[in-house]
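One letter stands for each residue in the lines below.
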Amino acid sequence: AEIKKEYPHKITVNLAERIPIGTWCFQYKCYYFDDQGALWGKALRSSGSLLLIVEDNNESISNPTKIEPGLLESIKKIVAGFDTINLGIKGIEIQASSINDIRINTTKEYYILANTDSDINKQLDILRIFLKNKGEDFHPTYIDIRIEGRVYYK
């Protein structure tokens, strides 16, 4: 909401409707975020399965208002790519101890490690091919696609 006072007797109120695509949590505070990366309101950590939940463990952000555009684009690419792989996302964690590494918690029993410095689409293409070759009986603990053109798993 934006409120402007125009003299002598006028007030203008402009409202912008935001549609949340997920919740972004910093330590103990969670906010809704939209397609442009704007953070607003207070959200519950468990807002349900309809919204993407991002856990940002970086301690350097004290009063967030907007998500860094490059990071937001990477996360949107991941969500779109997982739809084509037919793999669900429980949530995304931004690791505090590593630079640009993210952990994608899947609806399967494993998680995936990716890196936002590398081309996300190439990482997802490699993952798609890898999972297709492994088949349905494949049950790893995790899959690491951070190194371009390679897949590591345990």
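This is a predicted model, so every value here is computed, not measured.

Rules and cut-offs
- What you see as residue numbers is a count from 1 along each chain, following the sequence as written.
- Confidence filtering applies because this is a predicted model: local features only for residues at pLDDT of at least 70, side-chain atom pairs given and counted only at 80 or more, and all residues used for totals across whole chains, interfaces and linings.
- Excluding hydrogens and water, the side-chain values take into account all heavy atoms of the structure.
- Think of each axis as a best-fit line through the C-alpha atoms, taken over the contacting stretch in the case of a helix, with angles from 0 to 180 degrees between the N-to-C directions.
- In DSSP terms, a helix is any run of H or I states spanning at least four residues, a strand is any run of E spanning at least two, and both are numbered starting from the N terminus.
- We call two directions roughly parallel when the angle between them is under 35 degrees, roughly antiparallel when it is over 145, roughly perpendicular when it lies between 65 and 115, and oblique otherwise.
- Throughout, a crossing is termed right-handed when the near helix is turned clockwise from the far one, and left-handed when it is turned anticlockwise from it by less than a right angle.
- Two residues form a contact once any of their heavy atoms are found within 4.5 Å.
- Each residue gets one label: Ala, Val, Leu, Ile, Met, Phe, Trp, Tyr, Cys and Pro are nonpolar, Asp, Glu, Lys and Arg are charged, and the others, such as Gly, are polar.
- Buried Ala, Val, Leu, Ile, Met, Phe, Trp, Tyr and Cys residues that are joined via side-chain atoms within 4.5 Å together make up what is termed a nonpolar core.
- Note on exposure labels: buried denotes an accessible area under 20% of the residue type's maximum, exposed denotes more than 50%, and partly exposed covers the range between, all computed with a 1.4 Å probe on protein chains only.
- Strands qualify as paired when DSSP identifies two bridges or more between them.
- In protein, a polar contact means a hydrogen-donor-capable atom and an acceptor-capable atom, both N or O and within 3.5 Å, with residues adjacent in sequence counting only if both atoms are side-chain atoms; elsewhere, any N or O pair within 3.5 Å suffices.
- One fewer than the residue count of a helix, multiplied by 1.5 Å, yields its expected span.
- Our working definition of a disulfide is a cysteine sulfur pair at a distance within 2.5 Å.

**What to know about the packing of helix α1 (residues 69-85) against helix α2 (residues 120-134)**
- Remark: α1 packs on α2, axes separated minimally by 10 Å, with the N-to-C direction vectors making an angle of 25°. Taken together, the axes of α1 and α2 are roughly parallel relative to one another. α2 is crossed by α1, and the crossing has right-handed handedness. Residue-level inspection shows S74, K77, I78, G81, F82, T84 and I85 of α1 in contact with α2, the latter providing I120, N121, L124, L127, R128 and L131.
- A class-by-class count of the residues in the contact of α1 with α2 yields seven nonpolar, four polar and two charged.

**Some thoughts on the nonpolar core**
- W24, I112, L127, L131 and I143 are the most contacted members of the largest nonpolar core, which totals 30 residues.
- When residues of this core are traced back to their parent elements, those giving at least two are β3 (22-26), β4 (29-33), β6 (52-56), α1, β7 (89-94), β8 (101-106), β9 (111-115) and α2.
- The residues contacting I143, other than those within four sequence positions of it, are Y110, Y111, I112, L113, L127, F130, L131, F138, V151, Y152 and Y153.

**Describing the sheet that holds β4**
- The strand order across the open sheet formed by nine strands is β5-β4-β3-β6-β7-β8-β9-β10-β11, and the pairing between neighbours is mixed. Unpaired on one side and paired on the other, β5 (39-40) and β11 (152-153) mark the two borders of the sheet.
- Note: β9 against strand β10 (residues 142-144), three bridges, orientation parallel. When the sheet's bridge partners are listed, L113 is paired in β10 with D144.
- Across the sheet, α1 touches β3, β4, β6, β7, β8 and β9, and the angle it forms with β7 is around 155°.
- Taken strand by strand, α2 contacts β9, β10 and β11, and its axis lies near 150° from that of β9.

**A few points about the side chain of N115**
- With respect to the secondary-structure elements, N115 resides in strand β9.
- A polar atom in the side chain of N115 sits 2.6 Å from the backbone nitrogen of D117.
- Among all residues touching N115, those that are not within four sequence positions of it are I99, N100, D101, I120, Q123 and R146.

**Comments concerning α1**
- Given a rise of 1.5 Å per residue, 17 residues ought to cover 24 Å, and the 24 Å separating the end C-alpha atoms of α1 matches this to within 8%.
- Among all positions in α1, only L71, L72, S74, I75, I78, G81, F82 and I85 are buried.
- Put simply, E68 is the residue that caps the front of α1, since its side-chain oxygen is 2.9 Å from the backbone nitrogen of G70.
- Count one or two residues on from α1 and you reach N86, which has phi positive near 60°.

**Let's talk about the state of the cysteines**
- This model, assessed by the stated rule, comprises one disulfide.
- Across the disulfide from C25 sits C30; the S-S distance is 2.1 Å. In this structure the cystine formed by C25 and C30 twists about its S-S bond by roughly 110°; its chirality is therefore right-handed.

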